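What follows is the residue order along each chain.
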Amino acid sequence: MSHTTTGTEPASPPPGDDHAFFGQPRGLMTLSGLEVWERFSFLGMQAILVLFFADTVANGGMGMDPGTAASVSAAYGTLVYLVSVAGGWLADRILGSYRAVLYGGVLIACGHYAMAVPTATMTWVGLGLISAGTGLLKPNVASMVGKLYGTEDERRDAGFALYYMGINIGAFAGPLVTGWLGEHASWHWGFSAAAVGMTLGLIQYVLGRRHLAGRKHGAEYALAPGPMRRAVLRITAGVVVTALVATALTLAGWLTMDRFVDVLTLVSVIAPVVYFVVMFRSPRVTAEECGRLRPYVVLFLASVVFNFILFQAYSTMMLLASTNARTEIFGFHFPASWYASALGAFEVALAPVVATVWARMGPRQPHASNKIAIGVILGGLSFLLMVLPTSGHADDTYRMAAWWIVGSYLLLGLGDVLLETSGMSATTKLAPKAFASQTMALWFLSLALANGIQAQIVKLYGEVSNPAYFGVNGAIAVAAGVAVIAAAPWLKRTMHPVH
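Residues numbered from 1 in each chain as written. Predicted model: local features only at pLDDT ≥ 70, side-chain atom pairs only at ≥ 80, totals over all residues. Heavy atoms only, no water.

Colleague: Just to check I follow, could you spell out the overall build of the protein chain for this structure?
Modeller: Broken down by element type, the protein chain carries 17 helices and two strands. Scored against the burial criterion, the 499 residues of the protein chain give a buried share of 49%. With the model as given, the accessible surface of the protein chain reaches about 21,800 Å², and the carbon-plus-sulfur share is 68%. (Helix = DSSP H or I, 4+ residues; strand = E, 2+ residues; numbered from the N terminus. Buried < 20%, exposed > 50% of the residue type's maximum accessible area, 1.4 Å probe, protein only. Areas by Shrake-Rupley, 256 points an atom, 1.4 Å probe, with all protein chains shown as cover.)

And the structure:
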């Protein structure tokens with residue numbers, strides 16, 4: 001499909017851009033910089049969100065009990081990833097990637113600024129805006145990175161490695177700033193820092209737009225003008241009607257927070273089931289592709305199990321750290337939310353190590369399904385590790401050494417490096433050609449489902465003992481990983497061309 005451009009700027013980046021950023025296109029610096037600040041704001045806010053929910057009203061919190069606080073935090077994550085599925089479609093069909101990312105960033109910044117206002121209403125408004133904005137931004141930035149390279153450009157993998165390093169730098173730095181402000185000033189000062197971070201990301205994104213490929217283009221697979229107008233009207237009407245119905249049900253006392261969480265969990269379960277049924281029954285999917293979809297269902301479920309553990313690094317683990325972990329190392333005191341930065345630090349450090357090990361092993365490296373299984377097992381072990389310091393106490397006033405939490409995050413970070421890279425690669429290779437452009441949607445649905453399940457299970461946190469909670473969840477994850485390893489012979493036969 002042809003596109004026209006307007007304005008005086010060229011449609012393609014300047015020729016000198018091609019090797020201007022560590023041998024990579026300069027546009028990579030713009031997109032990586034955006035992701036640094038987006039992750040800074042998103043994970044910085046998420047590191048203190050559950051603590052804000054659980055803190056007393058007198059201290060500026062929401063006064064929720066720990067289980068409810070963790071459940072609402074997980075429901076927010078569910079909404080983010082469900083909206084991300086729609087965000088990819090909007091970019092492909094209506095907005096184009098550049099505009100989708102720009103509008104998404106603006107919504108995120110507005111959401112964080114709203115949360116900086118110390119009222120409950122603005123908190124919920126802010127979370128809604130951040131969910132919508134992240135849903136527009138997150139699935140489309142990676143596709144813009146891909147557009148910087150030709151199909152045969154050998155720098156692509158190295159470019160994505162730099163891009164993901166930016167993500168983890170933001171994940172490391174965000175909780176350090178928001179956590180310190182949240183503890184020493186107020187939670188809303190922490191949310192303000194997230195807002196400033198997203199604003200800085202947007203500024204450098206707009207200033208660096210001339211280095212981005214296709215920034216003047218409309219949607220890559222744009223609808224015709226007539227259908228596009230109808231789609232925009234229907235989407236607008238749907239959003240307005242949904243908002244009005246939700247408001248009416250809330251005022252009537254039917255749509256409580258618990259019911260809203262339950263609805264999101266139900267949607268997170270139904271959506272991937274419908275998605276897989278559509279793919280299996282589609283006449284555009286060949287019998288051979290259906291054969292490859294069956295093992296992918298196993299890997300999809302493995303991703304759900306692992307991310308169910310991973311996402312609790314920002315919910316139950318934060319709550320545990322705030323109440324039962326020491327917040328000092330070598331005499332230095334720090335906010336409990338700083339533990340979340342350890343996860344980003346470990347992933348920055350471990351990703352190149354893992355890549356080097358796989359490169360040296362060459363054809364002897366484990367099959368992709370086994371890498372994913374090992375990641376799931378490590379996630380389970382990160383929870384099982386917490387059984388040791390939480391056991392054998394007469395009451396709930398004990399304080400474990402910081403190294404227990406750090407050790408748990410080390411296992412979780414290594415598991416994430418193993419699973420996420422292999423999982424995304426397998427997704428792109430196993431998805432039917434007719435659904436190739438929607439592979440990111442499939443991946444986001446696994447993250448939404450993990451959060452949806454988490455939103456229900458974490459309600460038990462504080463209701464059962466900590467050893468029982470972490471022990472049972474960790475054991476289930478380990479068992480799931482072992483089951484994937486046991487299925488390895490079948491997976492290797494049916495996952496061709498994945499090795």
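Colleague: Would you take a moment to explain the nonpolar core for this structure?
Modeller: Note on soluble globular proteins: their nonpolar side chains tend to be buried together. The biggest cluster of nonpolar side chains holds 93 residues, and the ones touching the most others in it are Met45, Leu49, Tyr339, Ile405 and Tyr409. When residues of this core are assigned to their parent elements, the largest contribution, eleven residues, is made by helix 9 (residues 287-310). Contacts of Tyr409, omitting those with residues within four sequence positions, involve Ala313, Met317, Met318, Tyr339, Ala340, Ala342, Leu343 and Phe346. Of all hydrophobic cores here, the second largest spans 22 residues; its members include Leu31, Ile108, Phe160 and Ile167. (Core = buried A, V, L, I, M, F, W, Y, C linked by side-chain atoms within 4.5 Å. Contact = heavy atoms within 4.5 Å.)

Colleague: Help me understand helix 16 (residues 466-486), please; the structure alone is not making it clear to me.
Modeller: Because each turn of an α-helix spans 3.6 residues, side chains separated by three or four positions end up pointing in the same direction. For helix 16, which comprises 21 residues, the first-to-last C-alpha distance of 30 Å matches the rise-based estimate of 30 Å (1.5 Å per residue) to within 8%. Listed in full, the buried residues belonging to helix 16 are Asn466, Tyr469, Phe470, Gly471, Asn473, Gly474, Ala477, Val478, Gly481 and Val484. (Expected span 1.5 Å × (residues − 1).)

Colleague: Just to check I follow, could you spell out a nonpolar patch on the surface for this structure?
Modeller: There is a patch of nonpolar side chains on the surface, built from Leu266, Val269, Ile270, Val273, Val274, Val277 and Val278 and spanning about 550 Å² of accessible area. Along the polypeptide, Val277 turns up in helix 8 (residues 257-281). (Patch = residues over 30% accessible without salt bridge, like charges linked within 9 Å, V, L, I, M, F, W, Y side chains within 5 Å. Salt bridge = Lys/Arg side-chain N within 4 Å of Asp/Glu carboxyl O.)

Colleague: Is there a simple way to think about the pattern of salt bridges in this case?
Modeller: As a working rule, side chains carrying opposite charge can pair if their charged atoms are close by. Counted under the stated rule, the structure contains four salt bridges. Here Asp262 and Lys459 are joined by a salt bridge, their closest N and O atoms 3.3 Å apart. A residue pair is termed long-range when its members are at least 10 positions apart, and Asp262 in helix 8 and Lys459 in the loop between helix 15 (439-457) and helix 16 qualify at 197 residues. Among the residues examined, Lys459 registers a relative accessible area of 28% and is labelled partly exposed.

Colleague: Help me understand the packing of aromatic side chains, please; the structure alone is not making it clear to me.
Modeller: One pair of aromatic rings is described through two measures. These are the centre distance and the angle between the planes. Summed over all chains, the structure comprises 19 aromatic pairs. Consider the rings of Phe276 and Phe300, whose centres lie 5.1 Å apart with planes at 90 degrees: the pair is edge-to-face. Of this pair, Phe276 sits in helix 8 while Phe300 sits in helix 9, placing them 24 residues apart in sequence. An identical accessibility class is assigned to Phe276 and Phe300; each is buried. Ring centres of Tyr469 and Phe470 lie 5.4 Å apart, and the angle between their planes is 85 degrees; on these two criteria the pair is classed as edge-to-face. Residue class for Tyr469 comes out buried when judged on its relative accessible area of 3%. Taken together, the aromatic side chains of Phe52, Phe53, Trp124 and Phe191 make up a single cluster linked through ring pairs. (Phe/Tyr/Trp six-rings, centres within 6.5 Å; stacked < 30°, edge-to-face > 60°.)

Colleague: What is the right way to read unusual backbone geometry from this model?
Modeller: Residues other than glycine predominantly adopt negative phi, and peptide bonds predominantly adopt the trans conformation. Non-glycine residue Phe330 carries a positive phi angle of around 55 degrees. Looking at Phe330, the relative accessible area reads 79%, which means it is exposed.

Colleague: How do you make sense of the environment of Arg284 when you look at a structure like this?
Modeller: Along the chain, the position of Arg284 falls in the loop between helix 8 and helix 9. Residue Arg284 is classed as exposed on the basis of its relative accessible area of 53%. Distance from Arg284 to Pro432, taken between C-alpha atoms, is 8.5 Å for residues 148 residues apart in sequence. Discounting chain neighbours no more than four positions away, the residues touching Arg284 are Glu289, Ala434 and Phe435.

Everything listed here is a matter of geometry and, on its own, says nothing about what the molecule does.
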